[in-house]
Amino acid sequence: MAKGRPNRRILDSYTVKSINKTIRAGDCVLMRASDSSKPSYVARVEKIESDTRGSNVKVHVRWYYRPEESIGGRRQFHGSKEVFLSDHHDIQSADTIEGKCTVHSFKNYTKLDAVGNDDFFCRFEYNSSTGAFNPDRVAVYCKCEMPYNPDDLMVQCEDCNDWFHPNCIDMSIEEAKRLEHFFCANCSSGDQKKLNSSHALTRHSDVKVDTKRRRR
Ligand SMILES: [Zn+2]
Ligand SMILES: [Zn+2]
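Procedures and definitions
Residues numbered from 1 in each chain as written. Chains lettered and ligands numbered in written order. Predicted model: local features only at pLDDT ≥ 70, side-chain atom pairs only at ≥ 80, totals over all residues. Heavy atoms only, no water. Donors = N, O, S within 2.8 Å, 3.2 Å for Na, K, Ca; no water. Tetrahedral: all angles 85-135°; square planar, octahedral: opposite > 155°, others 65-115°. Helix = DSSP H or I, 4+ residues; strand = E, 2+ residues; numbered from the N terminus. Buried < 20%, exposed > 50% of the residue type's maximum accessible area, 1.4 Å probe, protein only.

(A) Structural detail: the coordination of the zinc ion (ligand 2). Looking at the zinc ion (ligand 2), one finds its protein donor set to be C157 (SG), C160 (SG), C184 (SG) and C187 (SG), positioned 2.3 Å from the metal centre. Each of the four donor atoms bound to the zinc ion (ligand 2) contributes to angles spanning 104 to 118°, and the resulting shape is tetrahedral. Look at where the donors of the zinc ion (ligand 2) fall in the sequence and you get C-x2-C-x23-C-x2-C. Here C160, found in the loop between β12 (155-156) and β13 (163-164), pairs with C184, found in the loop between α2 (173-178) and α3 (185-203); they are 24 residues apart in sequence, far enough to count as distant.

(B) Quick peek at the coordination of the zinc ion (ligand 1). The zinc ion (ligand 1) binds to the protein through C142 (SG), C144 (SG), H165 (ND1) and C168 (SG); the donor distances cover 2.1 to 2.3 Å. What the four donor atoms of the zinc ion (ligand 1) show is an angle range of 98 to 119° at the metal, which sorts the shape as tetrahedral. Along the chain, the residues donating to the zinc ion (ligand 1) fall in the pattern C-x1-C-x20-H-x2-C. You can see C142 sitting in the loop between β11 (133-134) and β12 and its partner H165 sitting in the loop between β13 and α2, a full 23 residues away along the chain. Residues C142 and H165 agree in their burial class; the two are buried.

Structure representation (structure tokens):
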């Protein structure tokens, strides 16, 4: 029986000469955009194949979309290195690969000490025909109720654990960086009482009066 495309051979790996990098299925790669003014495309290699002589090497890829390329466009909470794993598959010449890259999970990305040129992150899958995202909801934070953009500094309330943009709570970035403790407006009234009462216990005998006084 014919096996589909008997004139093709599956390769375990392929070394892209121009960059001297070996590509394997599962690797994430940057591919040259036909319009050179555009950033490189990000893709995951699913399969590598060649003709029977081992030349004319093609990669089967699954594209990652940048927010700009999605139907809804870039939103405020999208990170600069955010990409969406799309359902868009393609076959490309292996020689359009211009580098390897890493697409991190959102969690791992936020833990990186330094974000390199080749670091990206993905927290959504994207349906390229409907524009739908999976998951279609994410946790939102702050008074502005936005999903977390890892490019933006946020401060965490030690009581309710919600995160806040300094901007949304009338704080400068510098002030936020200097903070050792932070309690949001909702929590701070209750917390001031706690602070006051422990303070009072060490310094005053009349605890009852002192716990009711709000420190400012
Ligand atoms: Zn905010
Ligand atoms: Zn709070």
